[in-house]
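# Working through the structure, step by step
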Amino acid sequence: LSLDPFQASDSLLVNKGSRDGVSIGNSVILSGNILVGRVKEVSNKESRIVLITSAQSKATVISEDGGAKGVVTGSASGALNLNLVLKESELRGGQILLSSGLDGFFERGFLVGEVTKVHSSDSDPFKSALVRPFFNIKDLKQVFIVVSE
């Protein structure tokens, strides 16, 4: 597992590739079903993973209690932004967000993050929020690639 110093910490390089069954689009997780990202490039012996905290990344999510649905995007700061949450949805700090599986990229049920701050205005039909991901890139030592059989 290595960080790419030229990619602003939004991707990882792992020593597993097509010879190990890895394919583009495979989800990448930590133990505990914590979503880290997905495989973007694959060679025979290694793969590049784009992190969910990357500005290139998007994932549809649902709150653990089912009260809110939206789209999480990464940012240059490494934080997650939750957008497109219907105004009438129940969204509050402390809510746990899971991948919904509706985006066609990530399977349903992976842990994505925790809502830290909710934004809402009378003129906007949607709510948004800041989300703290359940991993810190500096602490990543081992990841798991979910391969299909």
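Residues numbered from 1 in each chain as written. Predicted model: local features only at pLDDT ≥ 70, side-chain atom pairs only at ≥ 80, totals over all residues. Heavy atoms only, no water.

## Digging into the pattern of salt bridges
The condition is simple: By convention in these notes, a salt bridge is any Lys or Arg side-chain nitrogen within 4 Å of a carboxyl oxygen on Asp or Glu. Each residue gets one of three labels from its accessible area relative to the maximum for its type: buried under 20%, exposed over 50%, partly exposed in between, using a 1.4 Å probe on protein chains only.
Scanning the entire structure with this criterion turns up five salt bridges. With a shortest N-O distance of 3.9 Å, Asp 20 and Arg 19 are connected by a salt bridge. Overall, Asp 20 belongs to the partly exposed group, its relative accessible area being 35%. When the shortest N-O distance is used, the salt bridge between Glu 41 and Arg 48 registers 3.9 Å. Linked by salt bridges that have partners in common, Asp 65, Glu 90 and Arg 92 make up one network.

## With respect to the side chain of Ser 11
Put simply, the test is: In DSSP terms, a helix is any run of H or I states spanning at least four residues, a strand is any run of E spanning at least two, and both are numbered starting from the N terminus. N or O atoms within 3.5 Å of each other form a polar contact, as long as, within protein, one can give a hydrogen and the other can take it, and as long as residues adjacent in sequence are counted only when both atoms are side-chain atoms.
Relative to the elements of secondary structure, Ser 11 occurs in strand 2 (residues 11-14). Reaching out from Ser 11, the side chain makes a polar contact with the side chain of Arg 48 at a distance of 3.3 Å.

## Let's talk about the environment of Ile 62
The following threshold applies: It only takes one pair of heavy atoms within 4.5 Å for two residues to be counted as in contact.
Mapped onto the fold, Ile 62 is located in strand 6 (residues 58-63). By relative accessible area, Ile 62 is classed as buried at 11%. For the pair Ile 62 and Leu 98, spaced 36 residues apart in sequence, the C-alpha separation works out to 5.4 Å. Residue contacts for Ile 62: discarding those within four places in its chain leaves Ala 68, Lys 69, Ile 96, Leu 97, Leu 98, Ser 100 and Arg 108.

## What to know about the nonpolar core
Convention followed: Throughout, nonpolar core names a set of buried Ala, Val, Leu, Ile, Met, Phe, Trp, Tyr and Cys residues whose side chains join them through atoms within 4.5 Å.
Ranked by internal contacts, the top residues of the largest apolar core, which has 32 residues, are Val 36, Ile 49, Leu 82, Leu 97 and Val 112. Of all the secondary structure elements, the ones that give two or more residues to this core are strand 2, strand 3 (27-30), strand 4 (34-42), strand 5 (47-51), strand 6, strand 8 (80-86), strand 10 (111-119) and strand 11 (126-133). A per-element tally of this core places strand 4 first, with four residues. The residues touching Val 36, leaving out its near neighbours within four places in the chain, are Val 28, Ile 29, Leu 30, Val 50, Leu 51, Ile 52, Phe 135, Leu 140 and Val 143.

## Regarding unusual backbone geometry
Positive phi, normally seen in glycine, also occurs at Asn 33, with a value near 65°. Mapped onto the elements, Asn 33 comes out in the loop between strand 3 and strand 4. The phi torsion at Leu 84 lies on the positive side, around 60°, for a residue other than glycine. Inspection of the secondary structure puts Leu 84 in strand 8.

## Considerations on a nonpolar patch on the surface
How we decide: Within the patch definition used here, like charges are joined within 9 Å and nonpolar side chains (Val, Leu, Ile, Met, Phe, Trp, Tyr) within 5 Å, considering only residues with over 30% relative accessible area and no salt bridge. Note on areas: these come from Shrake-Rupley sampling with a 1.4 Å probe, and a residue is covered only by the protein chains present in the view.
A cluster of nonpolar residues, Leu 84, Leu 86 and Phe 126, forms a patch on the protein surface that exposes about 270 Å² of accessible area. Tracing the backbone shows Leu 86 in strand 8.

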